[in-house]
Amino acid sequence: DAGITQSPRHKVTETGTPVTLRCHQTENHRYMYWYRQDPGHGLRLIHYSYGVKDTDKGEVSDGYSVSRSKTEDFLLTLESATSSQTSVYFCAITFGTANYGYTFGSGTRLTVV
Amino acid sequence: TQLLEQSPQFLSIQEGENLTVYCNSSSVFSSLQWYRQEPGEGPVLLVTVVTGGEVKKLKRLTFQFGDARKDSSLHITAAQPGDTGLYLCAGGDSGGGADGLTFGKGTHLIIQP
C-alpha cells in the first residue's frame, strides 16, 4: 500500500556528477515535497510543488533543482554533486496543504565521494 | 524563520515507565504534527492537532497543543519496547502549511525491556 516510492534507495556518486532522484506517487495528491535529513539538522525542506509545473524553493535549495511534468512524479536533481550533499533524501506528499499531514517515502541514501 | 525545539534529545527508560517529550517555539503554528521514524524508513504521521488547547489520545499516547499554539507535548504511558524510535514534531505556518512544514530535530527514544 506504498502509495509513494522513491528511487533509487541507495546511491554512491562522485563529486561533480549530476544526480537525479525520483519520487513517484499513486495517490493523485497535489502537494509534493523534497526534504533532506542530516544528523544535528533534522529534516530541512529543499523544494516543493503544488501542482504540475508549479514548484518553489525551500530552506536549503542551493545546488538543487526540481521538475514536475506529471502529477505522479517529482524529480530532484543535484546539478553537480558535492560532498555536502551526502544525506538521506525524503519525498513527502499530502492531499491538502501540509497541515493535513505528510506521507513520506522510504528515502534515498545518497553518498557523494 | 520558524524554529521548533524538541526536548529531550535523547531518552532511555525502562519498559513500563511514563515519559513526556516537548516541542517548543516562539512562533505560532496553524497545526502541530507528531511523527515517529524507525531506522531506514521515512517518518510516519501519528497525529495532527490544530486547535489551541486540543488534546488527542492514541492508545497509550497523549498529544497536547498549547493554548497559544506555540508548543506541544507527547506523553507515553507505560512505555513498551515497540515505542522505540525517533519522534519528530512539525509545525505548519499560518498559510496552512502549503509552503511545507518546519520540523524539530527529534527525540531519540529507547525503551529497554
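Below is a summary of the structure that appears in this document. Nothing here was measured: the structure is a model prediction, and the numbers come from that model.

Reading the values: rules and limits
- Residues numbered from 1 in each chain as written.
- Chains lettered and ligands numbered in written order.
- Predicted model: local features only at pLDDT ≥ 70, side-chain atom pairs only at ≥ 80, totals over all residues.
- Heavy atoms only, no water.
- Helix = DSSP H or I, 4+ residues; strand = E, 2+ residues; numbered from the N terminus.
- Rg over C-alpha atoms; globule rule 2.2 N^0.38 Å.
- Lys, Arg positive; Asp, Glu negative; His and termini not counted.
- Charge placed at Lys NZ, Arg CZ, Asp CG, Glu CD.
- Disulfide = S-S within 2.5 Å.
- Buried < 20%, exposed > 50% of the residue type's maximum accessible area, 1.4 Å probe, protein only.
- Pairing = 2+ DSSP bridges.
- Axes fitted to C-alpha atoms, helices over the stretch in contact; angles between N-to-C directions.

**A few points about the overall build of chain B**
Here's step 1: Per the secondary structure count, chain B includes 0 helices and 11 strands.
Here's step 2: When its helices and strands are written in sequence order, chain B yields β-β-β-β-β-β-β-β-β-β-β.
Here's step 3: Relative to its length of 113 residues, chain B is compact, with a C-alpha radius of gyration of 13 Å against a globular reference of 13 Å.
Here's step 4: The dimensions of chain B, computed from C-alpha atoms along their principal axes, are 45 × 30 × 20 Å.
Here's step 5: Once the 8 positive and 11 negative side-chain charges of chain B are each reduced to a mean point, those two points are 4 Å apart.

**What to know about the state of the cysteines**
Residue and element names in this part refer to chain A.
Here's step 1: The full count for this structure, using the stated rule, is 2 disulfides over all chains.
Here's step 2: Across the disulfide from C23 sits C91; the S-S distance is 2.0 Å. A torsion of -75° about the S-S bond marks the disulfide between C23 and C91 as left-handed. Linking C23 in strand β3 (residues 19–25) with C91 in strand β9 (residues 87–94), this pair joins segments that are 68 residues apart in sequence. Just as C23 is buried, C91 falls in that class too.

**So, the sheet that holds β3 of chain A**
All names here are of chain A.
Here's step 1: Spatially, 4 strands are ordered β1-β3-β8-β7 in an open sheet, and the strand pairing comes out antiparallel. The sheet is open, and its two borders are formed by β1 (4–7) and β7 (64–70), each paired with just one other strand. Between one strand axis and the next, the sheet turns through 20° on average, direction left out of account.
Here's step 2: Of the strand pairs in this sheet, β7 and strand β8 (residues 73–78) are connected by 5 bridges, and their pairing is antiparallel. The partner of K70 across the bridge, within β8, is D73.

**Some words on the pairing of β3 of chain A**
Residues and elements named next belong to chain A.
Here's step 1: The alternating pattern of β3 places V19, L21, C23 and Q25 on a buried face and T20, R22 and H24 on a face that is not buried.
Here's step 2: Pairing geometry for β1 and β3, over 4 bridges, is antiparallel. Of the residues in β3, the one forming a bridge with T5 is H24.
Here's step 3: Note: β3 against β8, 6 bridges, orientation antiparallel.

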